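# Architecture and fold: a report
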Amino acid sequence: MELYNLSIEELQSLIKSGKAGYSEIAESVFNRIDAVEDRLRAYVTINKEEALSQAKDADNNSGFDKDSALYAIPMAIKDNICTEGVKTTCSSAILQNFVPPYESSVTEKLKAQGYILTGKTNLDEFAMGSSTENSAFGHTRNPWDLERVPGGSSGGSAAAVAAAACIAALGSDTGGSIRQPAAFCGVVGLKPTYGRVSRYGLVAFASSLDQIGPITKCVKDSAILLNAIAGHDMCDSTSADIPVPDFTAVIGKDIKGMKIGIPKEYFIEGIDREVEAAVRSGIKQLESLGAVPVEISLPYTEYAVATYYILATSEASSNLARYDGVRYGMRVDGDDLIDMYMRTREEGFGAEVKRRIILGTYSLSSGYYDAFYKKAQQARTLIKQDFEKAFEEVDAIVTPTTPTPAFKAGEKMEDPLQMYLTDIFTISINLAGVPGITVPCGFTSENLPVGLQIIGNHFDEETILKAAYAYEQSTDWHKRKPEL
Ligand code: GLN
C-alpha cells in the first residue's frame, strides 16, 4: 500500500513503529499530487517546498509534541480558510493575491499539533455553489469520473481526499458544502453543530450558517480531526462555550437500540433510484447492527431551499460589501470613488456571486424585508422546530446526502435553480444548526459513489460518529478507490 493512500490513524501507527518517516510520507503525498493534479485541479495553491522542508525538520525533531494526533500529517485546507502567509483566494478574482496577515483559529490549532499544509483547495467562489464550477481558477474534476463535478463548494478538498492527494482536509459547510462533495467523491464529510468549531478566519459567506469541518478517508479520521479543531474561541462570539468530549472515545461502541428516524420527506419523487436503493440498504444495514428505525416527519422540509436562498444571500450581500477595492484584494481604478467601487466589484466577482448579492440586497430592502427576509427567518424557526420535535423521539436521523450522484460538468450551470436543488437534503441541517455526517453507502451502476447522511441533535456529534463508524466498519464501500 502506498503511504499516500493511508489514513491518519494508519500513518501514526507506522510512524510509531518506525516503519515510515515524516519526509517519506510527505514525499509520497506530493508525488501523488504531481501524478494526478493535472487531471484533477483540486488545488489553487500547492505548498510543496515549505511542506517538504517542514517534514525534514520533523525527521530531525523540531520540538513539537510528536505524540499529537496530527503531527506531520499532510493536510489540505479549503481556500476560504485564512492561512498566515499563504494565499487565500476564496477562488475569486477579487482575492487572487490576498495573503492573510493572520491564521484562522482552526489552522492555528492544527499548526499547534505540527500538521503539514499540502496546499489550499479549490471551491466555488466564496463557497457559493454545488459543483466547484464557479471558481475563478478553473473547475475541479471528480476522481471517479473526470467528466463529472466533484460537488461543491468544498469540491477541491473532497476530490483531493478521494484521490489521496492529501491525507485529510478541511472544508466549510453553509448549506451542504462539506457533505455534498464528500458524498459525490465517496469520502467522509462532517458538518459539526453550529458553534462547535470557531469560524475565526473563515471568510464569511452566511455567518449564521457557516461551519468548518473535516473531510476524511474514514470516520475515525473525522473524529480525530474534529478533536483537533473543536472548542470555544474568544475570537468567535458564536462559538459555544461548552465542554468538548473526546470524539474518538465513541469509535467502536455498538449502536444497539439506537433509534434512527427516517424522515418521509427525504424519500421523494425525483430522487435517483440507485441512490434511494443504496440508502435504503444502508438503513437495513444499520438495523442489522441493532439500530431501530422509526418513521418520522420533518414537515417544513419543503420550504428549506427557498428559506436558505433568502437568508444565505441576505447575509452574503452584507458580508461581501467589504470587497470594495479599498480594504481587501483587487482594485480597478475609476473616475471617482463610486466608479472605482463599481469597476472593482464588476471585474472582481463572478456571475453567481453577483446574482447572490443582488438577490440578498433585494430581500433586505425596505418594502421587501418583511415579505422575504423576515418570513424566511420565521420559516427557519419552523424548520428548526421540526428537528427539535424529531429528536424528542429519536437519537439520530438517516437520509440520503444528495438526491443524485455526481452530475456532468456543465450540466446545471445554465440553470441556477437546478443547481440549488442539489442541496435539498443538506440545507435544513444548517438552518437547524445541527450536525450531520456523510459516509459512503454504495455505488451506482456507473461506478459513482452514493452518500448516507446521519444527522444528530445539537452538540451530539458523538452519536453520529458512533453510528457512522459502526456502519462503515460493517461495509467495504470506504475501501474502494477511484482509478486515476
Ligand atoms: N450549494 C450551497 C450554496 O450554493 C451551499 C454552499 C455551501 O455550503 N457553502 O449556497
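Let me begin by describing the structure that accompanies this report.

## Considerations on the overall build of the protein
Broken down by element type, the protein carries 15 helices and 11 strands. Computed over C-alpha atoms, the radius of gyration of the protein comes to 21 Å, within 12% of the 23 Å expected from 2.2 N^0.38 for 484 residues, which places it in the range of a compact globule. Considering only C-alpha atoms, the protein reaches an extent of 65 × 55 × 45 Å along its principal axes. Relative to its 484 residues, the protein shows a buried fraction of 61%. Only carbon and sulfur atoms are counted for the fraction: they give 48% of the accessible area of the protein, which is about 18300 Å².

## A few points about the side chain of Gln211
One can find Gln211 in strand β6 (residues 211-216). There is a polar contact of 3.5 Å between the side chain of Gln211 and the backbone nitrogen of Arg196. At a separation of 2.8 Å, a polar atom in the side chain of Gln211 contacts the main-chain amide nitrogen of Val197.

## A look at the nonpolar core
Here is a general trend for soluble globular proteins: nonpolar side chains tend to be buried in one another's company. Residues Leu110, Phe126 and Phe387 are the most contacted members of the largest nonpolar core, which totals 148 residues. Among residues more than four places away in sequence, those in contact with Leu110 are Leu70, Met75, Ile77, Tyr115, Leu170, Leu225, Ala228 and Ile229.

## Section: the packing of helix α2 (residues 22-40) against helix α3 (residues 48-59)
Running from N to C, α2 and α3 point in directions that differ by 160°, and their axes come no closer than 7 Å. With respect to each other, α2 and α3 are oriented roughly antiparallel. The two elements α2 and α3 meet at a crossing, and its hand is left-handed. Where α2 approaches α3, its residues Tyr22, Ser23, Ala26, Glu27, Phe30 and Asp34 are matched on the opposing element by Lys48, Ala51, Leu52, Ala55, Lys56, Ala58 and Asp59.

## Re the packing of helix α9 (residues 304-319) against helix α11 (residues 351-364)
Between two packed helices, the angle of one axis relative to the other and the distance separating the axes together describe the packing. Contact pair α9 / α11: the axes reach a minimum separation of 7 Å and the direction vectors enclose 100°. Our classification of the angle between α9 and α11 gives roughly perpendicular. Contact residues: Tyr309, Ile310, Thr313, Ser314 and Ser317 in α9; Arg356, Ile357, Leu359, Gly360, Thr361, Ser363 and Leu364 in α11. Classifying every residue of the contact of α9 with α11 gives 5 nonpolar, 6 polar and 1 charged.

## Concerning the side chain of Asn430
Position of Asn430 relative to the elements: it lies in helix α14 (residues 427-432). Since its relative accessible area comes to 1%, Asn430 is described here as buried. At 2.6 Å, the side chain of Asn430 forms a polar contact with the side chain of Arg179. What Asn430 contacts, discounting residues up to four positions off in sequence, is Asp173, Thr174, Gly175, Gly176, Arg179, Lys191, Leu209 and Arg380.

Rules of the game
Residues numbered from 1 in each chain as written. Predicted model: local features only at pLDDT ≥ 70, side-chain atom pairs only at ≥ 80, totals over all residues. Heavy atoms only, no water. Helix = DSSP H or I, 4+ residues; strand = E, 2+ residues; numbered from the N terminus. Rg over C-alpha atoms; globule rule 2.2 N^0.38 Å. Buried < 20%, exposed > 50% of the residue type's maximum accessible area, 1.4 Å probe, protein only. Areas by Shrake-Rupley, 256 points an atom, 1.4 Å probe, with all protein chains shown as cover. Polar contact = N/O pair within 3.5 Å; in protein donor to acceptor, adjacent residues only side chain to side chain. Core = buried A, V, L, I, M, F, W, Y, C linked by side-chain atoms within 4.5 Å. Contact = heavy atoms within 4.5 Å. Axes fitted to C-alpha atoms, helices over the stretch in contact; angles between N-to-C directions. Parallel < 35°, antiparallel > 145°, perpendicular 65-115°, else oblique. Left-handed = near helix turned anticlockwise from the far one by under 90°. Nonpolar A, V, L, I, M, F, W, Y, C, P; charged D, E, K, R; others polar.

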